[in-house]
Amino acid sequence: MIATKGYAAQTATSKLEFFNFERRDVGPSDIQFDILYCGVCHSDLHQVRNEWGGSLYPMVPGHEIVGKVTHVGAKVKKFKAGDLAAVGCLVDSCRECENCKQGLEQYCYNGATGTYNARDKVHGGVTYGGYSKQMVVAEEFALKVSETLPLANVAPLLCAGITTYSPLRHWKVGKGHNVAVVGLGGLGHMALKFAAAFGADVTMLSTSPNKEADARKLGAHHFALLNDAKQMKDLKSKFDFIINTVSAPHDYNALLRTLNTNGTMICVGIPPTPIELMGFALLGNRRSIAGSSIGGIPETQEMLDYCAAHNIVSDIELININYINEAYERMLKGDVKYRFVIDMASL
Ligand code: NAP
Ligand code: ZN
Ligand code: ZN
């Protein structure tokens, strides 16, 4: 076993604290890398605080992981020592079911293995994430990273990036579409960048008036306040797509009414409690509501390559790991610009 260290939550109510633990030895198809940066996703906070239920403790969160390879197993082809490597939200899946065969590992019929807070079906125990120094992962679930982009700003692409890129690609969002992005946090700011890069006309819907100038810099052509009833009414039947990234309960019906004929609201945010849906808000304009979960391994690589080719990265606030509990409190207040990334040199 490989001794390493990280930050872990011991219970749903405890703060994250220093934690010693072990990674498995590097198998023939595994790589080991030193984690240099790890992004802080709102899903980390949901799971640390057991807001979705079923959390496993101690929990080392983190699934926006980038670093430098130190060891590779004998059968590894994609990586050698010294290469950059990245890991997102998945570290394994059955690799045999129809979804896995199509590169949709996130929808593995047998249940994909999350990077943390998951039972490891192959090696036993529980998976530990990226708020740590070293990572061991099967090469099939490790991504190649551009040497040219600033590495700390690449980390959030592994979740916030792919989670917004994937639905925009699936629904073929681009030129001629009116798109709204709801919630300007980690996912929201990447949705703005991608939707604008794909040629859509983009509106930011936010609860934070002080984010307007940034929203426009990030790619929004228009800005409106989500909790201003008049502004929302003025947007009636405007959008072809809504990418909803909001992390807390809010009014889906008001948002649905801003969809044009055949419009779709794609929910990527995961509020911890159910949300009321009015039939009338859906059936007017023949609207749809949909969801989308992260992205598979091939599409994650495609997204990273797209970002390298188009010089797209996340806007980040780099923090030391001992700031993580404060970062969570700020994230809860929507005070994120626009992703916290942990500098693992501070651990
Ligand atoms: P984040 O950085 O905290 O951003 C969420 C934003 O939502 C906030 O900045 C705020 O933006 C807005 N917001 C927060 N509370 C709100 C409320 N009560 N009403 C209206 N708007 C509110 O979070 P994130 O990391 O982007 O994650 C967003 C959500 O996506 C989380 O639930 C996370 O678990 C989920 N997620 C899902 C997937 C997936 O595969 N589908 C992947 C990753 C994350 P404004 O200040 O602009 O209003
Ligand atoms: Zn995430
Ligand atoms: Zn599968």
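Residues numbered from 1 in each chain as written. Chains lettered and ligands numbered in written order. Predicted model: local features only at pLDDT ≥ 70, side-chain atom pairs only at ≥ 80, totals over all residues. Heavy atoms only, no water.

Trainee: Would you mind going over the overall build of the protein in detail, with residue names and values included?
Mentor: Secondary structure assignment for the protein yields 11 helices and 17 strands. The C-alpha radius of gyration computed for the protein amounts to 20 Å, which stays within 12% of the reference 20 Å derived for 347 residues, consistent with globular compactness. Across its three principal directions, the C-alpha atoms of the protein cover 60 × 40 × 35 Å. A total of 347 residues make up the protein; the buried ones form 58% of that total. A total of about 14,600 Å² of accessible surface is found on the protein, and carbon and sulfur atoms cover 51% of it. Taking the average place of the 34 positive charges on the side chains of the protein and the average place of its 34 negative ones, the gap between the two points comes to 4 Å. (Helix = DSSP H or I, 4+ residues; strand = E, 2+ residues; numbered from the N terminus. Rg over C-alpha atoms; globule rule 2.2 N^0.38 Å. Buried < 20%, exposed > 50% of the residue type's maximum accessible area, 1.4 Å probe, protein only. Areas by Shrake-Rupley, 256 points an atom, 1.4 Å probe, with all protein chains shown as cover. Lys, Arg positive; Asp, Glu negative; His and termini not counted. Charge placed at Lys NZ, Arg CZ, Asp CG, Glu CD.)

Trainee: So what about the coordination of the zinc ion (ligand 2)? Which residues, and what values?
Mentor: The coordination sphere of the zinc ion (ligand 2), as far as protein atoms go, consists of C41 (SG), H63 (NE2) and C159 (SG), spread over 2.0 to 2.2 Å. Positions of the donor residues of the zinc ion (ligand 2), expressed as sequence spacing, correspond to C-x21-H-x95-C. With C41 in the loop between strand 3 (30-39) and helix 1 (42-48) and H63 in the loop between helix 1 and strand 4 (65-72), this residue pair connects regions lying 22 residues apart in the sequence. For the residue pair C41 and H63, the accessibility class agrees, reading buried in each case. (Donors = N, O, S within 2.8 Å, 3.2 Å for Na, K, Ca; no water.)

Trainee: Run through the pattern of salt bridges, naming residues and quoting values.
Mentor: A full pass over the atoms with the stated rule returns 15 salt bridges. E329 serves as the salt-bridge partner of R49, at 2.9 Å between the closest nitrogen and oxygen. Remark: E329 occurs in helix 11 (residues 324-332) and R49 occurs in the loop between helix 1 and strand 4; sequence separation between them is 280 residues. A salt bridge links R95 to D92; the shortest N-O distance between them is 3.0 Å. Since its relative accessible area comes to 11%, D92 is described here as buried. In the salt-bridge network here, residues are joined through shared partners; they are R24, D30 and D120. (Salt bridge = Lys/Arg side-chain N within 4 Å of Asp/Glu carboxyl O.)

Trainee: So what's going on with the sheet that holds strand 15 (residues 288-291)? Residues and values would help.
Mentor: Within the open sheet, the 6 strands sit side by side as 12-11-10-13-14-15. Their pairing is parallel. Edge positions in the sheet fall to strand 12 (222-225) and strand 15, since each has one partner strand and no second. Here the average twist between neighbouring strands, direction ignored, is 20 degrees. With 5 bridges connecting them, strand 13 (residues 239-244) and strand 14 (residues 259-267) associate as parallel partners. Bridge assignment links I242 to a residue of strand 14, and that residue is M265. (Pairing = 2+ DSSP bridges. Axes fitted to C-alpha atoms, helices over the stretch in contact; angles between N-to-C directions.)

Trainee: Go over the coordination of the zinc ion (ligand 3) with me, naming the residues and quoting the values.
Mentor: Every protein donor of the zinc ion (ligand 3) is listed here as C94 (SG), C97 (SG), C100 (SG) and C108 (SG), and their distances to the metal cover 2.3 to 2.4 Å. Here the zinc ion (ligand 3) binds 4 donor atoms, and the angle range of 103 to 119 degrees at the metal identifies the geometry as tetrahedral. Mapped onto the sequence, the residues coordinating the zinc ion (ligand 3) show the spacing C-x2-C-x2-C-x7-C. What makes C94 partly exposed here is its relative accessible area of 25%. Judged by its relative accessible area of 9%, C97 is buried. (Tetrahedral: all angles 85-135°; square planar, octahedral: opposite > 155°, others 65-115°.)

Trainee: I'd like a rundown of the site of ligand 1, residues and numbers included.
Mentor: Taken together, 32 residues surround ligand 1, and among them S206, T207, S208, K211 and R339 come closest. Here an oxygen atom of ligand 1 sits 2.7 Å away from a polar atom, N or O, in the main chain of L184. One of the side-chain N or O atoms of K211 is found 2.7 Å from an oxygen atom in ligand 1. Surface burial for ligand 1 is 91%, taken as the share of its 930 Å² of free accessible area covered by protein chains. Secondary structure elements with two or more residues in the shell around ligand 1: helix 1 and helix 5 (186-197). The element best represented in the shell around ligand 1 is helix 1, accounting for 3 residues. (Near = heavy atom within 4 Å. Polar contact = N/O pair within 3.5 Å; in protein donor to acceptor, adjacent residues only side chain to side chain.)

Trainee: Residues and numbers for the domain arrangement of the protein, please.
Mentor: Domain annotation of the protein identifies domain 1 (2-159 + 315-346) and domain 2 (161-291). Counting from both sides, the interface comprises 13 residues of domain 1 and, opposite them, 16 residues of domain 2. For the domain 1 and domain 2 pair, buried surface summed over both sides reaches about 1,300 Å², with 54% attributable to carbon and sulfur atoms. Counting across the interface, domain 1 meets domain 2 through 1 salt bridge. Among the ionic pairs, D315 bridges to K193, the shortest N-O distance being 2.6 Å. Our enumeration of links across domain 1 and domain 2 arrives at 12 residue pairs in polar contact (both at pLDDT 80 or more). A breakdown of the residues in the side of domain 1 that touches domain 2 according to their chemical character gives 6 nonpolar, 3 polar and 4 charged. (Domains from an automatic or database assignment. Contact = heavy atoms within 4.5 Å. Buried area = accessible area lost by both parts, 1.4 Å probe. Nonpolar A, V, L, I, M, F, W, Y, C, P; charged D, E, K, R; others polar.)

Trainee: Go over the nonpolar core with me, naming the residues and quoting the values.
Mentor: Counting residues in hydrophobic clusters, the biggest one holds 94 residues, and the most contacted among them are I31, F33, Y131, L192, F194, I324 and Y328. With 6 residues, helix 5 is the largest single contributor of residues to this core. Two domains each provide a minimum of three residues to this core, namely domain 1 (2-159 + 315-346) and domain 2 (161-291). Among the nonpolar cores identified, the runner-up in size contains 17 residues, and V246, L255, C267 and A281 belong to it. (Core = buried A, V, L, I, M, F, W, Y, C linked by side-chain atoms within 4.5 Å.)

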